Amino acid sequence: MFRPEKFVEEKIEELRAGIKGKAVIACSGGVDSTVAAVIVSKAIGDRLLVVYVNNGFMRKGEDEAVGKMLTELGVNFRLIDATDEFFAAMKGVSEPEMKRKIIGERFIRVFERAAKEYHAEYLVQGTIAPDWIESGDGVRDTIKSHHNVGGLPKDMNLKLVEPLRDLYKDEVRAVARYLDVKVAERQPFPGPALAIRVIGEATPASVEIVREACAIVEEEIEKAAAAGRMELPWQYFAVLLPCQSVGVQGDNRAYGKTIAVRAVQSIDGMSAAYSKIPHDVLEKISVRVTNEMKRDVNRVVYDITNKPPATVEWE
Ligand code: XMP
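Computed from a predicted structure; not experimentally measured. (Residues numbered from 1 in each chain as written. Predicted model: local features only at pLDDT ≥ 70, side-chain atom pairs only at ≥ 80, totals over all residues. Heavy atoms only, no water.)

1. Points about the confidence of the model for the protein
- Taken residue by residue, the protein gives an average pLDDT of 92. The fraction at 70 or more is 92%.
- Segment residues 144–149 is flagged for pLDDT under 50; beyond a separation of four residues in sequence, or across chains, it makes 16 contacts in the model. (pLDDT = per-residue confidence, 0-100. Contact = heavy atoms within 4.5 Å.)

Set out below in structure tokens:
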């Protein structure tokens, strides 16, 4: 049987003996990277820098929540607000693959800068067993030299540390409980974040609209599920569409934007069925979005497409 206290104790000893200099980890606020950060921090203290990058595309309240959690965990962390840098890089870009590429590259630049400034020699990652088993990598050392991890440039020359390499998700959760790491168990969220939930150019204004709409969708669906009105979908969010349509505002006809609500049931995201949400819950979402965001949005639609043929995200 897996014993988290034994795992933590042995891992701390191993890491303490193995890591001679400074280390960095990019923490997303998810359970894997947070648990990895806490274990390494217990082993080498402030020689570990935990970096959280706010790219401007995070969900409502997300950076405050992650910042608060890392503070409470007592790790040496740095919140880098790179919002302006990301939006500048995304200016005029509407093609989804290009948006993904720019966000990935920009993240590496920001993280690389932080690692260099800190004179880090080690890169800690929250890789768990399914990650490398799927990618066909059979090396099981916790500490090894790395060449190009997750697209990080070769010249960073950091040694890779993967303290959770041998663990499965339920074991990581057991370690999290043991270490008192309380990560919000939120629904899956794509790496490029809200940038791909704005169809077309992701500007500060358009991202703000979808952030607000996503928060309303989450709140109403979670409330209905908690009240036993419906099953909690696997994923549920809002998308801002690149079209305007006519509506009425006061006595006038006015053009407004459209929000699409997406909610699906799925096991692993490979295929998905749209969620059969009660109509009154959908209506509540629609009324709230068009009331609270009436300056921008005058229409809400519900996506009733399965995957395939659609995907979960609209992009
Ligand atoms: P699609 O849209 O391809 O999404 O049907 C399937 C699942 O994958 C999530 N997704 C991502 N997750 N990085 C991630 O970690 C990404 O770049 C990414 N793109 C999509 C999506 O939210 C859904 O859960």
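Read on for the rest.
2. As for the pairing of strand E7 (residues 235–249)
- Looking at chain direction, E7 and strand E8 (residues 252–265) are connected through 12 bridges and run antiparallel. Paired with Leu240 across the bridge in E8 is Ile259. (Pairing = 2+ DSSP bridges. Helix = DSSP H or I, 4+ residues; strand = E, 2+ residues; numbered from the N terminus.)

3. Overview of the state of the cysteines
- Scanning all chains against the criterion turns up zero disulfides.
- Free of any disulfide, Cys214 has its nearest neighbouring cysteine sulfur in Cys243, separated by 17 Å.
- For Cys214, a relative accessible area of 3% translates into the label buried. (Disulfide = S-S within 2.5 Å. Buried < 20%, exposed > 50% of the residue type's maximum accessible area, 1.4 Å probe, protein only.)

4. So, the pairing of strand E1 (residues 23–26)
- Relative to strand E2 (residues 48–54), E1 is paired through four bridges, and the arrangement is parallel. Bridged to Val24 within E2 is Leu49.
- Read from E1 through helix H2 (residues 31–44) to E2, the crossover connection turns out right-handed.
- Sheet analysis places E1 next to strand E4 (residues 122–124), joined by three bridges and oriented parallel. Along E4, the bridge assignment pairs Ala23 with Tyr122. (Right-handed = clockwise from strand over helix to strand, strands pointing away.)

5. Quick word on the side chain of Glu62
- The topology assignment puts Glu62 in helix H3 (residues 62–73).
- Filtering out sequence-adjacent residues up to four positions away, Glu62 remains in contact with Tyr52, Arg186 and Phe189.

6. Digging into the site of the ligand
- Neighbouring residues of the ligand: Arg100, Pro190, Gly191, Pro192, Trp234, Gln235, Gly269, Lys307, Thr311, Val312 and Glu313.
- Contact distances for the ligand include 3.1 Å between a nitrogen atom and a backbone N or O atom of Gly191.
- Within the contact set of the ligand, an oxygen atom lies 2.7 Å away from a side-chain nitrogen or oxygen of Gln235.
- For the ligand, whose accessible area on its own is 500 Å², the fraction buried by protein is 68%.
- Among the residues forming the shell around the ligand, the class breakdown is four nonpolar, four polar and three charged. (Near = heavy atom within 4 Å. Polar contact = N/O pair within 3.5 Å; in protein donor to acceptor, adjacent residues only side chain to side chain. Areas by Shrake-Rupley, 256 points an atom, 1.4 Å probe, with all protein chains shown as cover. Nonpolar A, V, L, I, M, F, W, Y, C, P; charged D, E, K, R; others polar.)

7. A short note on helix H5 (residues 96–117)
- End to end, H5 covers 32 Å across 22 residues, agreeing with the expected 32 Å (1.5 Å per residue, within 8%).
- Here the buried face of H5 lies against E1, E2, strand E3 (77–81), helix H4 (83–90) and E4.
- Of the residues flanking the end of H5, it is His119, one or two places downstream, whose phi is positive at about 55 degrees. (Expected span 1.5 Å × (residues − 1).)

8. Thoughts on the packing of aromatic side chains
- Scanning the model with the defined rule gives five aromatic pairs in all.
- Ring plane angle 50 degrees and centroid distance 5.8 Å describe the contact between Phe2 and Phe7, whose orientation is recorded as tilted.
- A residue is classified by how much of its surface remains accessible, and Phe2, at 24% relative accessible area, is partly exposed.
- Taken together, a centroid distance of 6.3 Å and an interplanar angle of 75 degrees make the contact between Tyr274 and Tyr302 edge-to-face. Residue Tyr274 is found in strand E9 (residues 273–274), and its partner Tyr302 is found in strand E10 (residues 297–302); the two are separated by 28 residues along the sequence.
- Given a relative accessible area of 23%, Tyr274 falls into the partly exposed group.
- Of the aromatic side chains, those joined through ring pairs into one cluster are Phe57, Phe86 and Phe87.
- Sitting above the plane of the Tyr122 ring, Lys159 keeps its charged end 4.9 Å from the centroid.
- Over the ring of Phe237 we find Arg197, and its NZ or CZ is 3.7 Å from the ring centre. (Phe/Tyr/Trp six-rings, centres within 6.5 Å; stacked < 30°, edge-to-face > 60°. Lys NZ or Arg CZ within 6 Å of the ring centre and 35° of its normal.)

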